[in-house]
Amino acid sequence: MQLYYHTYNEAGTDEAGRGCLAGPVTAAAVILPKDFKNDLLTDSKQLTERQRLFLKPIIEKEAICYAVAHVFPAEIDEINILRASILAMHKALGQLFKKPEFIAVDGDRFVKFSDIPHACVVKGDAKIQTIAAASVLAKTYRDAYMEQIDEEFPMYQWKKNKGYPTIAHRKAIENYGITPYHRKTFQLLPSQLKLEF
């Protein structure tokens with residue numbers, strides 16, 4: 001799909017890892033130059049890992065500014081995943097060295113950030129370049145984090161599943177229990193199996 005281009009000093013923001021059983025929810029915020037164009041750039045979920053890793057340094061080099069922020073499992077459990085996703089976006093937006101005039105948000109839920117106007121765009125990561133760029137950074141930074149903690153707990157196969165609820169991940173939870181990286185408020189196992197915390 002051809003993305004349309006922003007016309008102001010716009011920050012796009014998106015998150016990755018919302019549906020995972022383990023690891024942080026990670027958000028990025030990106031302001032791109034008005035003349036930025038990349039035909040490969042789209043929703044990170046539509047790209048291969050190789051394409052995302054190819055785009056990451058291009059976005060980082062050409063962006064006016066960008067920032068990435070994690071919200072970790074203890075806080076996700078405390079405030080819930082929707083609030084944690086919005087908090088991660090707010091943290092990323094707050095780290096931008098240039099204040100945006102407008103924020104384009106992927107999805108349909110957001111809480112006003114500072115005094116900056118915003119718009120929620122469903123499937124915005126496939127429609128708006130700034131959101132697409134944020135989706136690529138959020139996904140690649142989160143994946144790198146999951147690969148790093150995989151070295152600590154290789155039995156959960158986070159290098160492969162990135163914390164998502166795959167059969168292998170759930171089997172490892174059943175066999176080994178949970179780690180400090182797991183989200184305790186999520187259904188970590190099917191309801192017929194019970195976990196002891």
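Residues numbered from 1 in each chain as written. Predicted model: local features only at pLDDT ≥ 70, side-chain atom pairs only at ≥ 80, totals over all residues. Heavy atoms only, no water.

- Labelled according to an unreviewed UniProt entry, the protein appears under the name Ribonuclease HII, originating from Capnocytophaga cynodegmi.
- In its Subcellular location (unreviewed entry) section, the UniProt record describing the protein reads: "Cytoplasm".
- What UniProt records for the protein under Sequence similarities (unreviewed entry) is the sentence "Belongs to the RNase HII family." (UniProt positions renumbered as here; feature names shortened; annotations may be inferred.)

**With respect to the UniProt feature "binding site: a divalent metal cation" (unreviewed entry) in the protein**
Here is step 1: UniProt annotation of "binding site: a divalent metal cation" (unreviewed entry) refers to Asp-14, Glu-15 and Asp-106 when read in the numbering used here. A maximum C-alpha distance of 8.1 Å among these annotated residues, which run over 93 residues, shows that they cluster at one spot.
Here is step 2: Tracing the backbone shows Asp-14 in strand 1 (residues 10-16).
Here is step 3: Among residues more than four places away in sequence, those in contact with Asp-14 are Thr-26, Ala-27, Ala-28, Met-89, Asp-106, Asp-125, Ile-131, Ala-134, Ser-135 and Ala-138.
Here is step 4: Its place among the elements puts Glu-15 in strand 1.
Here is step 5: When its relative accessible area of 18% is taken as the criterion, Glu-15 is described as buried.
Here is step 6: Setting aside its immediate chain neighbours within four residues, Glu-15 contacts Val-25, Thr-26, Ala-27, Ser-85, Met-89 and Ala-138. (Helix = DSSP H or I, 4+ residues; strand = E, 2+ residues; numbered from the N terminus. Contact = heavy atoms within 4.5 Å. Buried < 20%, exposed > 50% of the residue type's maximum accessible area, 1.4 Å probe, protein only.)

**Remarks on helix 3 (residues 81-95)**
Residue pairs spaced three or four apart in an α-helix point in one direction, given the helix's 3.6 residues per turn.
Here is step 1: The terminal C-alpha atoms of helix 3, which comprises 15 residues, lie 21 Å apart, in line with the 21 Å expected from a rise of 1.5 Å per residue.
Here is step 2: Among all positions in helix 3, only Ile-81, Ala-84, Ser-85, Ile-86, Ala-88, Met-89, His-90, Ala-92 and Leu-93 are buried.
Here is step 3: Tucked inside the fold, the buried residues of helix 3 contact strand 1, strand 2 (25-31), strand 3 (65-71), helix 2 (73-79) and strand 4 (102-106).
Here is step 4: Where helix 3 starts, the residue carrying a side-chain oxygen 3.1 Å from the main-chain nitrogen of Leu-82 turns out to be Asn-80. (Expected span 1.5 Å × (residues − 1). Polar contact = N/O pair within 3.5 Å; in protein donor to acceptor, adjacent residues only side chain to side chain.)

**Considerations on the sheet that holds strand 5 (residues 118-121)**
Here is step 1: The sheet built from 5 strands is open, its strands ordered 3-2-1-4-5 with mixed pairing. The outermost strands of the open sheet, each flanked by one partner alone, are strand 3 and strand 5. The mean inter-strand angle of the sheet, taken between neighbouring strand axes irrespective of direction, is 20°.
Here is step 2: As paired strands, strand 4 and strand 5 are joined by 4 bridges and run parallel to one another. By the bridge assignment for strand 5, Ala-104 is matched with Ala-119.
Here is step 3: Running at roughly 35° to strand 1, helix 4 (residues 129-150) makes contact with strand 1, strand 2, strand 3, strand 4 and strand 5 of the sheet. (Pairing = 2+ DSSP bridges. Axes fitted to C-alpha atoms, helices over the stretch in contact; angles between N-to-C directions.)

**Considerations on the pairing of strand 4**
Here is step 1: With 5 of 5 residues buried, strand 4 is to be regarded as a mostly interior element.
Here is step 2: By the alternation rule, side chains of strand 4 split into Phe-102, Ala-104 and Asp-106 and Ile-103 and Val-105, which are all buried.
Here is step 3: Strand direction decides the pairing type here: strand 1 and strand 4, joined by 4 bridges, are parallel. What sits directly across from Gly-12, in strand 4, is Ala-104.

**Observations concerning the pattern of salt bridges**
Here is step 1: In this structure the tally under the stated criterion is 7 salt bridges.
Here is step 2: Taking the shortest distance from any N to any O, the salt bridge between Asp-143 and Lys-139 comes out at 3.1 Å. With Asp-143 and Lys-139 both in helix 4 and 4 residues apart, the pair spans about one turn of that helix. Here the two residues Asp-143 and Lys-139 agree in accessibility, since each one is buried.
Here is step 3: One salt bridge connects Asp-150 with Lys-159, and the closest N-O pair in it is separated by 4.0 Å.
Here is step 4: If you follow the salt bridges from partner to partner, you end up with Asp-43, Lys-45 and Asp-125 in one network. (Salt bridge = Lys/Arg side-chain N within 4 Å of Asp/Glu carboxyl O.)

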